[in-house]
Amino acid sequence: MEKELKKTYKCKKLMDGVYGITSSGVACFLIIGKEKACVIDTAYGFADLKAYIREFTDLPLTVFNTHGHIDHTGGNFYFNTPVHIHEKDAEIYKQHNEPSFHRYMEKTLKVFNKIFFWRILVPKHPEDTDEGRVNFSDWQFVKEGDTFDLGGLSAQVIEIPGHTQGSIAVYFKEKKLMITSDGANPATWLYLPESTDIRAYAASLHKLEKYDFDTILTGHSLKLFGRKDLKDWINVAEHPGLSHGKKQKGGAFAPGVTPLQVWAEEDTKHKGPSIVIDPDRIS
Ligand SMILES: [Zn+2]
Ligand SMILES: [Zn+2]
């Protein structure tokens, strides 16, 4: 394998036919069926993700984006295949993949580098003239219930508005696996201009509960979550302890917003899951 790929991506087998790939604090996933494989999110795109994935499978690839943010869509352009994304995240996707936004991320990541212990790579941002970088017309919009046959394995789209309006989960019934990425996790960001209110987010979590799954995978770790975790996340969304929230310094992707991290009402020691909200948007 090329040195740059090895340096940029790490891969871990999580279940039979399910691989988690991490890069600079972001997780994306490769799920392999008998006839096709699917890639859920594409990280920042710091190195050729498709070439990396080809080390694990030769099958035709279907690419999904759980939502439009740069840390989950930045590597789309390597695949030369229509990307499956929800129409409501099209604008965010466009905005996050403009060369100017890449440059903004470049600066932000340099700051992050000093704060966190992640091994952050600074992206080789595209130039304005770099036409091949993003092809905005190469989309396949997906909606609730759309199901893709991978050969002995199905991938089903579930709309989970919250983190963004067009966030989706991808459900693999045969593996009892739900991939929610940033849409449902132990510290879901709801402070972004493109986020919904807490109530809509809670409704999305309740919808997930109805599916038959054992494992949840999220967007910034390879930890395996389960049904009990989802219950805890619902509890935070329904009983947020607004009076003992903690102000954050500033919010990535939302200049001018001072996010508030909020734990469940009874979790005054802040040991459990949280949500991150914009206190100015609480009605
Ligand atoms: Zn996100
Ligand atoms: Zn993310």
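Residues numbered from 1 in each chain as written. Chains lettered and ligands numbered in written order. Predicted model: local features only at pLDDT ≥ 70, side-chain atom pairs only at ≥ 80, totals over all residues.

### A closer look at helix α6 (residues 198-209)
Here is step 1: In a regular helix each residue adds 1.5 Å, so 12 residues correspond to 16 Å; α6 covers 17 Å between its end C-alpha atoms and thus fits that length.
Here is step 2: For α6, the complete set of buried residues consists of Ile198, Tyr201, Ala202, Ser204, Leu205 and Leu208. For α6, the angular spread of buried residues about the axis comes to 155°, placing them on one side.
Here is step 3: Tucked inside the fold, the buried residues of α6 contact β9 (154-159), β10 (168-172), β11 (177-181), β12 (187-189), α7 (227-238) and β16 (274-277). (Helix = DSSP H or I, 4+ residues; strand = E, 2+ residues; numbered from the N terminus. Expected span 1.5 Å × (residues − 1). Buried ≥ 20, exposed ≤ 12 C-beta atoms within 10 Å, placed from the backbone. Arc of directions from axis to C-beta. Contact = placed C-beta atoms within 7 Å.)

### A word on the pairing of strand β3 (residues 26-32)
Here is step 1: Within β3, 7 of the 7 residues are buried, which leaves the element mostly enclosed by the surrounding structure.
Here is step 2: Neither face of β3 is open: one carries Val26, Cys28, Leu30 and Ile32, the other Ala27, Phe29 and Ile31, and all of them are buried.
Here is step 3: As defined by bridge partners, strand β2 (residues 18-23) adjoins β3 across 6 bridges and the pair is classed as antiparallel. Paired with glycine 20 across the bridge in β3 is phenylalanine 29.
Here is step 4: Counting the residues between successive antiparallel strands, the hairpin from β2 to β3 contains 2 residues, one of them, serine 24, with a positive phi of roughly 50°.
Here is step 5: The antiparallel hairpin formed by β3 and strand β4 (residues 37-40) contains 4 residues in its connecting segment. (Pairing = 2+ DSSP bridges.)

### A closer look at the environment of cysteine 28
Here is step 1: Within the secondary structure layout, cysteine 28 lies in strand β3.
Here is step 2: When the C-alpha positions of cysteine 28 and serine 221 are compared, they lie 9.1 Å apart, and in sequence the two are 193 residues distant.
Here is step 3: Not counting the four nearest positions on each side in its chain, cysteine 28 is found in contact with Ile21, Val39, Ile40, Asp41, Thr42 and Ala43.

### Side note on the pairing of β16
Here is step 1: Residues of β16 alternate between two faces, with Ser274 and Val276 on one and Ile275 and Ile277 on the opposite face, all of them buried.
Here is step 2: Judged from the 3 bridges that link them, β12 and β16 form a sheet pairing that is parallel. Bridging from a neighbouring strand, threonine 188 pairs with isoleucine 275 of β16.
Here is step 3: Note: strand β15 (residues 260-263) against β16, 4 bridges, orientation antiparallel. Across the sheet, residue glutamine 261 finds its bridge partner in β16, namely valine 276.

### Describing unusual backbone geometry
Here is step 1: Of note in this structure, lysine 176 is not a glycine but carries a positive phi near 50°.
Here is step 2: Here lysine 176 is to be found in the loop between β10 and β11.
Here is step 3: Of the residues examined, lysine 176 has 13 C-beta atoms within 10 Å and is grouped as partly exposed.
Here is step 4: Here histidine 270, not a glycine, exhibits a phi torsion of approximately 60°, which is positive.
Here is step 5: Note on placement: histidine 270 falls in the loop between β15 and β16.

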